[in-house]
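Single-letter residue listing:
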Amino acid sequence: MNARREMASCLVAVLALAGTSAAWAHAALVKSEPARRATLSKPPPQVRLWFNERLEPAYATISVIRDGAGPVATSKAQVDKDDPKLLVLPLPVLVPGAYTVKYRVLSVDGHTVDYGYTFSVESGGAGK
C-alpha cells in the first residue's frame, strides 16, 4: 500500500510540473522575414518577426546592423495593431552585404527574450 501511495504522489508531482511548464514559457520566435541565414536577391522592405505569444509593445525592439557599418534602420519597431504577436521594422533600401537582426522583446508573462540572426543581400539586388 505504501508503494501505491508513493507512486500516486510521484504522478501528482509530475502532472503538477507539466501543468506549470506553460507558465514558464517565454516569447519564442516562430517565423521571420527575412528568414534566418537567408540570401536575398532583393533587399527586404522590412523585418517581420512573429512570436508564439503577445508582446508588450513598449518593450519590443529590433535593430538591423550591416556588418562593418553599424545600424541601418532609423525607425522604431512596432507591434502590429492587428496581430499582437507580430513585430515589424521598416527598412531603408539595403545595399548588398551581410546583416544581423537583433531583437529584444518582453512577453506578457514578464520575461525578456534577447536574440538575433543573420541574412544577406546579394550583389546586384539593391538599388543605389
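Refer to the structure printed above.
This is a predicted model, so every value here is computed, not measured.

Asks: Which residues make up the overall build of the protein, and what values go with them?
Replies: What the protein contains, in helices and strands, is one helix and nine strands. Walking the protein from its N terminus toward its C terminus, one meets helices and strands in the order α-β-β-β-β-β-β-β-β-β. When each of the 128 residues of the protein is scored for burial, the buried share is 32%. Within the protein, residue pairs in contact and separated by at least 24 positions form 63% of the contacts whose partners lie at least 6 positions apart. Accessible area of the protein: about 8,200 Å², with a carbon and sulfur share of 56%.

Asks: Can you tell me about the nonpolar core, naming the residues and giving the values?
Replies: In this structure, Val 47, Phe 51, Ile 62, Val 64, Leu 87 and Phe 119 are the most contacted members of the largest nonpolar core, which totals 26 residues. Secondary-structure elements contributing two or more residues to this core are β3 (46–51), β4 (61–66), β7 (86–90), β8 (97–106) and β9 (112–121). Contacts of Leu 87, omitting those with residues within four sequence positions, involve Val 47, Arg 48, Leu 49, Phe 51, Leu 55, Ala 60, Thr 61, Ile 62, Ala 77, Gln 78, Val 79 and Val 105.

Asks: Which residues make up the environment of Tyr 99, and what values go with them?
Replies: With respect to the helices, strands and loops of the structure, Tyr 99 is situated in strand β8. Separated by 20 residues in sequence, Tyr 99 and Phe 119 place their C-alpha atoms 5.4 Å apart. In terms of polar contacts, Tyr 99 uses its side chain to reach the backbone carbonyl oxygen of Val 95, at 2.5 Å.

Asks: Requested: an account of the sheet that holds strand β5 (residues 70–71), with residues and values cited.
Replies: Spatially, the five strands line up as an open sheet ordered β2-β9-β8-β4-β5, and their pairing is mixed. In this open sheet, the two strands that pair with only one neighbour each are β2 (39–40) and β5. Relative to β8, β4 runs antiparallel, the two sharing six bridges. When the sheet's bridge partners are listed, Val 64 is paired in β8 with Val 101.

Asks: Quick rundown of unusual backbone geometry? Include the residues and the values.
Replies: For the bond running from Glu 33 to Pro 34, omega is 0°, close enough to zero to count as cis. Phi at Arg 37 is positive, roughly 60°, even though this residue is not glycine. Judged by its relative accessible area of 68%, Arg 37 is exposed.

Asks: Break down the pairing of β9 for me, with residues and values.
Replies: Relative to β9, β2 runs parallel, the two sharing two bridges. Across the sheet, the residue bridging to Leu 40 is Val 121, located in β9. Alignment of β8 against β9, held across ten bridges, turns out to be antiparallel. Each bridged residue has a counterpart across the sheet, and for Lys 102 the counterpart in β9 is Gly 116. Counting the residues that bridge the hairpin from β8 to β9 gives five residues, and of these Gly 110 lies at a positive phi of roughly 90°.

Cut-offs used in this document
Residues numbered from 1 in each chain as written. Predicted model: local features only at pLDDT ≥ 70, side-chain atom pairs only at ≥ 80, totals over all residues. Heavy atoms only, no water. Helix = DSSP H or I, 4+ residues; strand = E, 2+ residues; numbered from the N terminus. Buried < 20%, exposed > 50% of the residue type's maximum accessible area, 1.4 Å probe, protein only. Contact = heavy atoms within 4.5 Å. Areas by Shrake-Rupley, 256 points an atom, 1.4 Å probe, with all protein chains shown as cover. Core = buried A, V, L, I, M, F, W, Y, C linked by side-chain atoms within 4.5 Å. Polar contact = N/O pair within 3.5 Å; in protein donor to acceptor, adjacent residues only side chain to side chain. Pairing = 2+ DSSP bridges.

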